[in-house]
Amino acid sequence: MPGLKRTPLFDRHVALGARMVPFAGYEMPVFYEGLIAEHKTVRADSGVFDASHMGVLEIAGPGTHQGLQYLLSNELDRIGAGEAQYELMTNEQGGIVDDLIVYRRGEESYLVIVNASNRETDVSWLTDRLPQDVDLRDVSDDRALIAVQGPGALGRLGLEPARSFTFAEIELFGVPCTCARTGYTGEAGCELVCAADNAVKLWDAILAAGVVPCGLGSRDTLRLEACLPLHGQDITPETDPISAGLGWAVALGKEFTGVEHLRRIAAEGPSKRLVPFVMDQPGIPRQGMPIVPYGEVTSGSHSPMLDIGIGMGYVDAGKSEPESMLTIDVRGRPLWAKVVTKPIFTSFSKYTDREGAW
């Protein structure tokens with residue numbers, strides 16, 4: 001595909017028969033055996049994803065901690081070396097420039113993973129706003145990011161359990177890497193950052209351990225069942241963290257870009273909220289479909305685990321409580337859907353209110 005980048009694992013994907021598609025400027029595998037099979041494998045055991053298209057930034061030097069404190073929404077003082085934190089980078093209006101994870105290596109040293117489609121925007125945003133003596137290096141092209149997810153993931157890799165959102169520098173299958181207990185599926189597992197030159201060796205060893213290769217298709221349905229937002233759809237520079245249900249990642253007591261707007265929204269209450277829902281009639285919701293009368297689906301798909309349509313979308317705050325009924329315009333058909341609690345489905349928690357068959 002002309003003009004698209006390739007990750008260090010491109011040849012492995014092709015050899016495995018993956019269907020390759022354009023995504024965030026890269027040629028990426030959308031599935032191998034099939035989306036549904038890969039999805040169910042992650043929920044039941046373990047799957048491995050090539051996430052090397054993600055942005056990898058190293059930020060260090062005097063003033064790094066305070067600089068990030070002012071640019072990110074969460075309270076960085078809560079984490080120490082070897083711990084990670086989910087963060088939102090907000091603009092002056094409180095809109096979400098990106099959501100990211102920061103890994104604290106030391107007092108003034110961080111590893112930051114950003115969304116692939118926002119990599120250039122984020123680098124520019126941070127470079128323009130961090131203190132001049134802070135060294136920001138975009139090492140994305142020199143790194144690979146491999147995510148191993150599922151209840152059996154750590155066992156397959158021979159790793160001991162560890163707290164979520166912690167990380168360590170380890171050697172796995174002879175490859176030095178940063179092993180972080182994070183992921184985007186709602187399951188246990190880890191994300192492994194290694195040198196790009198070592199990616200194939202690590203990937204091959206993970207597959208030899210019995211982990212199934214999975215594509216971006218199942219990664220999306222897994223994160224949707226787990227109600228994890230996608231930047232560019234569920235959250236954008238025009239949406240705020242309070243309305244998006246991400247207030248837990250916002251430290252309103254500290255000063256950061258856009259905090260005054262967010263304090264006001266939190267005090268007054270948002271007019272709309274992002275809610276998860278399940279279809280109460282046969283039909284598959286998709287991004288952009290109207291939620292009648294004043295909402296819109298931001299993410300929607302078929303749930304491989306529940307075999308029903310599921311999604312997330314913004315609705316009037318008065319219709320955001322669980323059990324509230326919504327009307328979704330599915331290609332001209334007004335269909336009922338019900339607001340539910342998060343997550344819709346993971347291996348340890350699932351929506352079970354529906355009875356019988358369609």
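For the structure itself, look to the data block above.
Student: Looking at this structure, I do not really get the overall build of the protein. What am I missing?
Tutor: A tally of regular secondary structure across the protein gives eight helices and 19 strands. Computed over the C-alpha atoms, the radius of gyration of the protein is 20 Å, within 12% of the 21 Å expected from 2.2 N^0.38 for a compact globule of 358 residues. Projected onto the principal axes, the alpha-carbon positions of the protein cover approximately 55 × 50 × 40 Å. In the protein, buried positions account for 56% of the 358 residues. Pairs at least 24 apart in sequence give 66% of the contacts found in the protein among residues at least 6 apart. Summed over all atoms, the accessible surface of the protein reaches about 15,100 Å², with 51% contributed by carbon and sulfur. Charge separation in the protein, taken as the distance between the mean sites of 32 positive and 48 negative side-chain charges, equals 4 Å.

Student: For this particular structure, what's the right way to read the packing of aromatic side chains?
Tutor: What characterises a pair of aromatic rings is the spacing of the ring centres plus the angle enclosed by the ring planes. Across all of its chains, the model carries two aromatic pairs by this definition. Seen in terms of ring centroids, Tyr-86 and Trp-248 are 5.4 Å apart; in terms of plane orientation they differ by 25°. Their pairing is stacked. Residue Tyr-86 is found in strand S5 (residues 83-90), and its partner Trp-248 is found in the loop between helix H7 (216-225) and helix H8 (259-268); the two are separated by 162 residues along the sequence. The exposure class assigned to Tyr-86 is buried, which follows from its relative accessible area of 15%. Ring geometry for Tyr-103 and Phe-167: centres 5.5 Å apart, planes at 90°, overall edge-to-face. Placement of Tyr-103 in strand S6 (residues 96-106) and of Phe-167 in strand S10 (residues 167-172) is noted, with a sequence separation of 64 residues between them. The same class applies to Tyr-103 and to Phe-167, which are both buried.

Student: Help me understand unusual backbone geometry, please; the structure alone is not making it clear to me.
Tutor: Trans peptide bonds make up the majority, and among non-glycine residues the majority have a negative phi. Of note, the bond from Val-292 into Pro-293 is cis; its omega dihedral lies within 30 degrees of zero at 5°. One can find Pro-293 in the loop between strand S15 (290-292) and strand S16 (295-302). Residue Pro-343 is bonded to the preceding Lys-342 through a cis peptide linkage, with omega at -10°. Mapped onto the elements, Pro-343 comes out in the segment after strand S19 (333-339). Phi angles above zero are rare outside glycine, and Phe-165 is one such case at about 60°. Within the secondary structure, Phe-165 is located in the loop between helix H5 (153-157) and S10. Overall, Phe-165 belongs to the partly exposed group, its relative accessible area being 28%.

Student: I tried to follow the pattern of salt bridges on my own but got confused; where do I start?
Tutor: Where side chains of opposite charge bring their charged atoms close, a pairing between them can arise. Across all of its chains, the model carries 18 salt bridges by this definition. In this structure, the salt-bridge partner of Arg-263 is Glu-255, at a minimum N-O distance of 3.0 Å. Since its relative accessible area comes to 48%, Glu-255 is described here as partly exposed. Note that Arg-264 and Glu-268 form a salt bridge whose closest N and O atoms lie 3.7 Å from each other. Residue Arg-264 and its partner Glu-268 are both found in helix H8; the two are separated by four residues, about one turn of the helix. Taking relative accessible area as the criterion, Arg-264 reaches 40% and is therefore assigned partly exposed. Take Glu-268: its relative accessible area is 59%, and that puts it in the exposed class. Through salt bridges with shared partners, a single ionic network connects Glu-58, Arg-105, Arg-137 and Arg-143.

Student: Help me understand the side chain of Arg-104 in this model?
Tutor: Of note, Arg-104 is situated in strand S6. Classification of Arg-104 by relative accessible area gives buried; the value is 7%. Among the polar contacts listed, one links the side chain of Arg-104 to the backbone oxygen of Glu-107, at a separation of 3.3 Å. A polar contact of 3.1 Å, which involves the side chain of Arg-104, links it to the side chain of Tyr-110. The contacts of Arg-104, once residues within four sequence positions are left out, are His-65, Leu-76, Ile-79, Gly-80, Ala-81, Gly-82, Glu-83, Ser-109, Tyr-110 and Phe-167.

What counts as what
- Residues numbered from 1 in each chain as written.
- Predicted model: local features only at pLDDT ≥ 70, side-chain atom pairs only at ≥ 80, totals over all residues.
- Heavy atoms only, no water.
- Helix = DSSP H or I, 4+ residues; strand = E, 2+ residues; numbered from the N terminus.
- Rg over C-alpha atoms; globule rule 2.2 N^0.38 Å.
- Buried < 20%, exposed > 50% of the residue type's maximum accessible area, 1.4 Å probe, protein only.
- Contact = heavy atoms within 4.5 Å.
- Areas by Shrake-Rupley, 256 points an atom, 1.4 Å probe, with all protein chains shown as cover.
- Lys, Arg positive; Asp, Glu negative; His and termini not counted.
- Charge placed at Lys NZ, Arg CZ, Asp CG, Glu CD.
- Phe/Tyr/Trp six-rings, centres within 6.5 Å; stacked < 30°, edge-to-face > 60°.
- Salt bridge = Lys/Arg side-chain N within 4 Å of Asp/Glu carboxyl O.
- Polar contact = N/O pair within 3.5 Å; in protein donor to acceptor, adjacent residues only side chain to side chain.

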